[in-house]
Amino acid sequence: MTLINTAPVFHEASPVGKALIDFSNSEDTGHSVTALSSGKILVAGYNASDFSLARLNSDGTLDTTFGDGGKTSFDILGYIDQAFNMYVVKEGADAGKILITGHSYTGNGRGLADFSLVRLNADGTLDTSFSSDGKASFEISIYDDFAKSVIVQSDGTILVAGDTTDSESSTNFSVIRLQANGELDTSFGIDGKANIDINAYDKGTGMVLSGGKILIAGSSASTSSDFSLIRLNANGTLDETFNSSGKATFDLGGDDTGNSVTVQADGKMLVTGYTTDSNSYSHLSVVRVQANGQLDTSFGTGGKLLVDIGGI
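Only a predicted model underlies this, so the values are computations on that prediction, with no experimental measurement involved. Residues take numbers from 1 onward in each chain, read along the sequence in its written order. Totals for whole chains, interfaces and linings use all residues, but because this is a predicted model, local features are given only for residues with pLDDT of at least 70 and pairs of side-chain atoms are given and counted only at 80 or more. As a rule here, side-chain values come from all non-hydrogen atoms in the structure, and water together with hydrogens is ignored.

Draft legend 1. Geometry of the pattern of salt bridges. Here a salt bridge means any side-chain nitrogen of Lys or Arg lying within 4 Å of a carboxyl oxygen belonging to Asp or Glu. As enumerated under the stated definition, the model contains 12 salt bridges in all. One salt bridge in this structure joins Asp94 and Arg119, with 3.5 Å as the shortest N-O distance. You can see Asp94 sitting in the loop between β5 (81–88) and β6 (98–107) and its partner Arg119 sitting in strand β7 (residues 110–120), a full 25 residues away along the chain. Both residues of the pair, Asp94 and Arg119, belong to the buried class. Note that Asp163 and Lys203 form a salt bridge whose closest N and O atoms lie 4.0 Å from each other. Runs of E in the DSSP output that reach at least two residues are strands. Runs of H or I that reach at least four are helices, and both are numbered from the N terminus. Three labels apply to residues, based on accessible area from a 1.4 Å probe with only protein chains included: buried if under 20% of the type maximum, exposed if over 50%, partly exposed otherwise in between.

As structure tokens, then:
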């Protein structure tokens, strides 16, 4: 979703139903949206160079009590920052606070990328109890690190997941855990970080918690790409009760990109994304996975479903 103007157009009588928000008089990109219990709406993403966040009233107009006229932006490392996911804390001492994660480049000409994160108070101001200024960045490897998802656990610790480059030609799933104050939780993984190698090129995108376990979905490739899913124990180690290794891949017949994961009430997992076929046409794709990491063959065809929406 690209956010480009400020038209107040969520009114029930409006035939349009769209809200466009200009942050930078340049390119603005939205990646995450959350509806608050108050009926207001948070939209997070990035402008030309910084993390950006807007709060809308229920009718789509900017909520001028939030940030600067309903909008706020944050520079992390002085160069280019790109935000991809947002989480609003629902309970505990930090209830109502807003976490936004993505990556920040470390120098002019972009340089290398690190995981980055901001925590805001409910009014859009930086929460200075987090990492002293409300902003934090983390180098996972000496190459590029891209964060795509953030979740706060019931104990207040923060999980950030994505992928990291472990050499100039190989990438891995990556997840870090932070204490509520923004410091790495060194009881998780190795010094607060866990990197998981599935194939030559692994991209972590979606994350969800289930029964004390951490599920991260994405895609893995050597030549063509498959959906991939890992399940970690609470301490960041692989859960070997899941597909005997904690890792699973699913080939949907083309070049497959997994983006999101959710867990049903019965414990089965749904991973969705898209599959590009031999004609370079893309199709919405879903797999359903049993708790043991095997495909649920009662779903779709052998546990897989490809949906053609656009007709090609």
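Draft legend 2. Just the side chain of Asn47, in detail. As for its placement among the helices and strands, Asn47 is situated in the loop between β2 (41–46) and β3 (51–56). Judged by its relative accessible area of 7%, Asn47 falls in the buried class. Among the polar contacts made by the side chain of Asn47, one reaches the main-chain amide nitrogen of Asp50 at a distance of 2.7 Å. Residues adjacent in sequence count toward polar contacts only when both atoms are side-chain atoms; beyond that, a polar contact is any pair of N or O atoms within 3.5 Å, and within protein one must be able to donate a hydrogen and the other to accept it. Side-chain polar atoms of Asn47 contact the side chain of Ser52, separated by 3.3 Å. In what follows, a contact means two residues having at least one pair of non-hydrogen atoms within 4.5 Å. If sequence neighbours within four positions are ignored, Asn47 has contacts with Phe23, Ser24, Glu27, Asp28, Ser52 and Ser73.

Draft legend 3. Here's a closer look at the packing of aromatic side chains. Centres within 6.5 Å make a pair out of two Phe, Tyr or Trp rings, where for Trp the six-membered ring is used; the pair is then stacked when the planes are under 30 degrees apart, edge-to-face when over 60, and tilted otherwise. Applying the stated criterion across every chain yields a total of 1 aromatic pair. For the ring pair Tyr46 and Phe84, a centre distance of 5.9 Å and an interplane angle of 55° mean the geometry is tilted. Residue Tyr46 is found in strand β2, and its partner Phe84 is found in strand β5; the two are separated by 38 residues along the sequence. No difference in accessibility class separates Tyr46 from Phe84, as the two residues are buried. For a ring to carry a charge above it, either NZ of a lysine or CZ of an arginine must fall within 6 Å of the ring centroid while also lying within 35 degrees of the normal to the ring plane. The ring of Phe23 carries Lys71 above its face, with NZ or CZ at 5.8 Å from the centroid. A cation over an aromatic ring shows up here: Lys148 above the ring of Phe84, its NZ or CZ 5.7 Å from the ring centre.

Draft legend 4. Seen up close, the sheet that holds strand β1 (residues 29–35). Strand pairing is defined by DSSP finding a minimum of two bridges between the two strands. Within the open sheet, the 4 strands sit side by side as β1-β2-β3-β4. Their pairing is antiparallel. Each end of this open sheet is capped by a strand with a single partner; those strands are β1 and β4 (71–74). Sheet twist, expressed as the average angle between the axes of neighbouring strands with direction ignored, equals 20°. Relative to β3, β2 runs antiparallel, the two sharing 6 bridges. Each residue of the ladder has a partner; that of Tyr46, found in β3, is Phe51. Here an axis means a line fitted to C-alpha atoms, over the contact stretch when the element is a helix, while the angle between two N-to-C directions is reported on a 0 to 180 degree scale.

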